[in-house]
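# Structural overview
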Amino acid sequence: MDTLPAKLALSRAVGLAARASGRGGGTSLPGRLLLRLDPQALRRLAAQLPRGRYVISATNGKTTTAAISASILERTGRVLVRNTAGANMAGGIASTLLAATRSDGTINGDTGLFEVDEFWLDSVTEQLEPSALVLGNLFRDQLDRYGELESIASRWAQVVAGLDAGSALILNADDPLIADLGREHNAAIYFGVEDDRLALATRQHASDATHCRRCGATYLYESVYLGHLGHYRCPGCGWQRPAPVVQARDVTLHGTTAASFTLVSGQQERPVSLRLPGLYNVYNALAAAALAIACGIDLDTVTAGLEAATAAFGRAETVELAGLPIQILLIKNPAGANAILQTLVLEPGELDLLAILNDNIADGRDVSWIWDADFEPLVPHVRHVVCAGRRASELALRFKYAGLARERLTVEPELSRALDIAAGQAPGRLFALPTYTALIELRAELGRRGAVSPYWS
Amino acid sequence: MSEPEKLRVCALYPELMNIYADRGNLLMLRCRCEWRGIAFELSSAGIGEGIDPDGADIFYMGGGQDSDQELCAADLVEHKREALLAAAARGAIVLGVCGGYQLLGHGYQLADRTLPGIGLLDVHTVRSDGPRLTGNVAIEVDLPGAHARVLAGFENHGGRTHLGPHASPLGRVLRGHGNNGSDGYEGACQGSVIGTYLHGPLLPKNAWFADWLISSALGGAALEPLDDELEELAHASARAAAGL
């Protein structure tokens, strides 16, 4: 007898009980229980999604890429089963599938769209059997949790090797670690940026992947866009950036609010106005566009979906607190922080910041990374920074050694008081830069003050 | 003395051995010199490049990914060992952090091979099958002019390091794992050579140690005090994270 419905019911009841007890946000608990009861639950539930299962992973941009992809896919009449709020490990994905499953065990939806944690990609992909896999970038991140970049790249190479022959593989041509994964795959679909005006003078400090994984030679860059993303070639084995079939040209960045570019797919092109800021979001949009194009969706629908996409939770979203606009920009690793800092510098005028550094497990216990991020270019634009969170004073010290005058810095570890100070003195707008758990706390605090609702509701 | 004071720092493999934001240490040394009117000169030596043993007062080597560490191990032996031995012999400070610490010893024994070290420290390191030793750490050190001072930081290493008779521990573990998770000691000192597993931006968490390095490298010069309110808060924060 198939006992799956009983296991589903039990797991669901536990989730409801946990929520009723006021522990809100514990989105992965029922899924983790379900996986204990039935280790094949992901496979069994996901197999019921007839129009495809799409998996997205990257160090940075998973959540936003999934949100943009959803904006496109939903236009084609698909009913998505999709994880949100960073529930991107096996338990969170199982919870998502569980929530979409009816009491008789059938699923309410036809397409799965899952962002997956870098470290969980191999085990989760093996069960989800994706019809398309999107890999966006690999940057150094939480070394205490993930280990070093090369070991993740090796695990991902195994994932790619294990894909079904019919699965689409969508890769960022501009990230040498990602593009390399397509070398043995005949039909990899590459996306990338073609705009030399964006090139930085030098590679950023936190750039990784300086060496070819195959032969060990140092990559030569013709242009660098973001971290180690750019146009490169290996002088040792001759490998070079694959020519992307999905491209962004004529990129224009509009501060922290928007970006526009020409989307090129083969012989076709469309102008795109993105309601998301920064070059990093152009990459996220390209990844989503490449996925949609691989699914056979026409370019007009792709463009409409890109233009309708709005900021995901804490990723450049703006909330209002008693009339003060607060834009929330998650920072969690050097490359991601650099992308945000590069974008903030585009804003005219002086900036008021609330920067929040936590060191909980989901943030990474090790806060060393703040010394890898390039705060220096931001300093001339800063009017005042309030530093908060469990490691507030260490973040303040980073600003000091980046050149910020002491009188422009306030240290207030306690978030509620820090928000009072920052909001109280910001003349017209405030930018909040929280790490992951700080983002959850900040959203909750803003919710208590009537600015936004808690994310699990 | 009419010559203006100058601190010369040579970063070894700054492109490769920088996995945990080691540049924070170099930035700390630079700022704390320049704020005092001490000139600061930073040089670097990468793969294949030789070094001048008289060319720096402090030689710094951080941590790297496994493959990068392996490249550097071979290069150190081939291109830099003699110069670093000469530099240490004349009293220049050689500071190795994390992977850099391991390479200052006799070698790093992996499952199937051993990475060579340059033997500036009488220590040897063995890769363990056990878990990586990871977490916040605090140690108590005794250095000339710095009695019972605390260094706080973060460690993340798969190797277990054991000291021979010629090396002394850098400190006693107050919180965390230290050299090997069993003998209660962390790091190593031998003359002016220092190694530690407190990785990456160790100096921003311990401004007093940055000043100790500057002062020692300049022959024990007394340093002008700075406004260290934030530095002391940061040190307290790192100690608190380690549970101290």
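Residues numbered from 1 in each chain as written. Chains lettered and ligands numbered in written order. Predicted model: local features only at pLDDT ≥ 70, side-chain atom pairs only at ≥ 80, totals over all residues.

## Looking at the overall build of chain A
What chain A contains, in helices and strands, is 15 helices and 17 strands. Over its C-alpha trace chain A gives a radius of gyration of 22 Å, about what one expects of a compact globule, namely 23 Å for 457 residues. By principal-axis analysis of the C-alpha atoms, chain A measures approximately 70 × 60 × 40 Å. Here chain A holds 457 residues, and 54% of them are scored as buried. Considering only intrachain contacts with a sequence separation of at least 6, the fraction spanning at least 24 residues in chain A is 70%. (Helix = DSSP H or I, 4+ residues; strand = E, 2+ residues; numbered from the N terminus. Rg over C-alpha atoms; globule rule 2.2 N^0.38 Å. Buried ≥ 20, exposed ≤ 12 C-beta atoms within 10 Å, placed from the backbone. Contact = placed C-beta atoms within 7 Å.)

## Brief notes about the overall build of chain B
Counting its secondary structure elements, chain B contains six helices and 14 strands. Since a compact globule built from 244 residues should have a radius of gyration of about 18 Å, the 17 Å found for chain B is in line with a globular shape. For chain B, the spread of C-alpha atoms along the principal axes amounts to about 55 × 45 × 30 Å. The buried share of chain B, taken over its 244 residues, is 54%.

## Here we look at the confidence of the model for chain B
When the pLDDT values of chain B are averaged, the result is 95; 98% of them are 70 or greater. Quick note on the complex model: pTM equals 0.88, ipTM equals 0.97. (pLDDT = per-residue confidence, 0-100.)

## Topic: the domain arrangement of chain A
Residues and elements named next belong to chain A. Split into domains, chain A comes out as domain 1 (4-308) and domain 2 (315-448). A separation of 26 Å is found between the C-alpha centroids of domain 1 and domain 2. Listed per partner, the contact involves 24 residues of domain 1 and 20 residues of domain 2. Of all the secondary-structure elements, those providing two or more residues to the side of domain 1 that touches domain 2 are helix 4 (62-73) and helix 7 (143-146). Tallying contributions element by element places helix 7 first for the side of domain 1 that touches domain 2, with three residues. A class-by-class count of the residues in the side of domain 1 that touches domain 2 yields eight nonpolar, 12 polar and four charged. (Domains from an automatic or database assignment. Nonpolar A, V, L, I, M, F, W, Y, C, P; charged D, E, K, R; others polar.)

## Observations regarding helix 15 (residues 436-448) of chain A
Residues and elements named next belong to chain A. The end-to-end C-alpha separation of helix 15 is 19 Å, in line with the 18 Å expected for 13 residues at 1.5 Å each. What helix 15 keeps buried is the set Ala 438, Leu 439, Ile 440, Glu 441, Leu 442, Arg 443 and Leu 446. Turning to helix 15, the residues buried within the fold contact strand 12 (315-321), strand 13 (324-329), strand 14 (351-356), helix 14 (415-425) and strand 17 (430-434). Of the residues trailing helix 15, Gly 450 is marked for its positive phi of about 85°. (Expected span 1.5 Å × (residues − 1).)

## Structural notes on the sheet that holds strand 9 (residues 246-254) of chain A
Residue and element names in this part refer to chain A. Overall, mixed pairing links the nine strands, which are arranged 2-3-1-4-5-6-9-10-11 in an open sheet. In the strand order of this sheet, the two ends are held by strand 2 (80-82) and strand 11 (268-274), each with one partner. Across this sheet, the average inter-strand angle for adjacent strands is 20°, counted without regard to direction. Together, strand 1 (53-57), strand 3 (111-115) and strand 4 (132-135) form the strand contacts of helix 6 (residues 121-128), whose direction differs from that of strand 1 by roughly 170°. (Pairing = 2+ DSSP bridges. Axes fitted to C-alpha atoms, helices over the stretch in contact; angles between N-to-C directions.)

## A short note on the packing of helix 1 (residues 23-34) of chain B against helix 5 (residues 207-217) of chain B
Residue and element names in this part refer to chain B. The contact between helix 1 and helix 5 brings their axes to 10 Å, and the two run at 70°. As judged from the angle between their axes, helix 1 and helix 5 are roughly perpendicular. Crossing handedness for the pair helix 1 and helix 5: right-handed. Across the interface between the two elements, Met 28, Leu 29, Arg 32 and Cys 33 from helix 1 touch Ala 210, Asp 211, Leu 213 and Ile 214 from helix 5. Tallied by class, residues from the contact of helix 1 with helix 5 come to six nonpolar, no polar and two charged. (Parallel < 35°, antiparallel > 145°, perpendicular 65-115°, else oblique. Left-handed = near helix turned anticlockwise from the far one by under 90°.)

## Notes on unusual backbone geometry
Residue and element names in this part refer to chain B. Look at Ala 21: it is not a glycine, yet its phi comes out positive at around 65°. Mapping Ala 21 onto the fold places it in the loop between strand 1 (6-12) and helix 1. The class of Ala 21 is buried, set by 28 C-beta atoms lying within 10 Å.

## Re the sheet that holds strand 13 (residues 188-190) of chain B
Residue and element names in this part refer to chain B. With mixed pairing, the six strands of this open sheet are ordered in space as 2-1-3-4-14-13. Each end of this open sheet is capped by a strand with a single partner; those strands are strand 2 (39-45) and strand 13. This sheet shows a mean twist of 15° between the axes of neighbouring strands, independent of strand direction. Bridge analysis of strand 4 (residues 93-97) against strand 14 (residues 193-196) gives four bridges, and the strand direction is parallel. Across the sheet, Val 94 pairs through a bridge with Val 193, a residue of strand 14. Lying over the sheet, helix 1 contacts strand 1, strand 2 and strand 3 (58-61), oriented at roughly 155° with respect to strand 2.

## Overview of helix 12 (residues 334-344) of chain A
Counting buried positions along helix 12 of chain A yields 11 of 11 residues, so the element is predominantly enclosed. When helix 12 of chain A is considered as a whole, its buried residues turn out to be Pro 334, Ala 335, Gly 336, Ala 337, Asn 338, Ala 339, Ile 340, Leu 341, Gln 342, Thr 343 and Leu 344 of chain A.

## A short note on the pairing of strand 8 (residues 229-233) of chain A
Residues and elements named next belong to chain A. Pairing geometry for strand 7 (residues 220-226) and strand 8, over five bridges, is antiparallel. Bridged to Val 224 within strand 8 is Gly 230. Here strand 7 hands over to strand 8 after two residues, with Gly 227 in that stretch at a positive phi of 55°.

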